[in-house]
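Working through the structure, step by step
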Amino acid sequence: LEGLHRLPVRFIFRGELFRGMPGVIADFDVKLSAGKTFKILSPTVFSKDPVSAVQFLPQGASRDKDRTVLQVEEGVGYRVSEFSKSPREDEVVVEGIATLEVRGTCKYGDTHALVKMGQVRRGLHHVACRLRVGGDMLSGSPVRAIEGEIERRG
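Residues numbered from 1 in each chain as written. Predicted model: local features only at pLDDT ≥ 70, side-chain atom pairs only at ≥ 80, totals over all residues. Heavy atoms only, no water.

1. With respect to the overall build of the protein
The number of helices and strands found in the protein is five helices and seven strands. Ordered by position from the N terminus, the helices and strands of the protein form the series α-β-α-β-β-α-β-β-β-α-β-α. Burial status across the protein gives 40% buried among its 154 residues. Contacts in the protein between residues far apart in sequence, at least 24 positions, make up 79% of those at least 6 positions apart. When the accessible surface of the protein is summed, it comes to about 8600 Å², and 52% of that surface belongs to carbon and sulfur atoms. (Helix = DSSP H or I, 4+ residues; strand = E, 2+ residues; numbered from the N terminus. Buried < 20%, exposed > 50% of the residue type's maximum accessible area, 1.4 Å probe, protein only. Contact = heavy atoms within 4.5 Å. Areas by Shrake-Rupley, 256 points an atom, 1.4 Å probe, with all protein chains shown as cover.)

Listed below in structure tokens is the structure:
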């Protein structure tokens, strides 16, 4: 993380972020209900591009399987597209020990109108989140200062 902390200010991103993940957490409705919080413990790559997140599939995964997309309303991290193997994915690294508060969720099953209309593939689980102040892994994080500013603003 020290390397990220030393990047020029132009690499800091503040805005909407997305992360696609295969599968769905057990007890989705209980653990990810509005107001609950959860942590991302290690530095994690998100995308500024919602399409990249929705289309994300690990190698060998089926498009018909359940999957989850996290949407962070006002995330903060480091733009790494210049260094990435996949610059078109518009990647942003969020520091570890990030705390996310669930604002709401939506599950797209066979009976959901958007699935019936062919706009969304069945099995998508969408989680809208708000970033809360995370813990410092190393002192001197410019991102943690911005997170605190966002949280104070509410």
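2. Looking at the nonpolar core
Ranked by internal contacts, the top residues of the largest apolar core, which has 25 residues, are Leu17, Phe46, Val76, Leu100 and Val127. Listing elements by their share of this core, those giving two or more residues are strand E1 (12–22), strand E4 (67–79), strand E5 (91–94), strand E6 (98–108), strand E7 (124–132) and helix H5 (142–153). Here this core gets four residues from one element, more than from any other, and that element is E4. Among residues more than four places away in sequence, those in contact with Leu100 are Lys36, Thr37, Phe38, Ile40, Leu70, Val72, Cys129, Arg130 and Leu131. Judged by nonpolar contacts, the second largest core, of seven residues, contains Phe18, Ala53, Val69 and Val120. (Core = buried A, V, L, I, M, F, W, Y, C linked by side-chain atoms within 4.5 Å.)

3. As for the environment of Ile97
Within the fold, Ile97 resides in the loop between E5 and E6. C-alpha of Ile97 to C-alpha of Leu41: the two residues are 56 residues apart in sequence and 4.3 Å apart in space.

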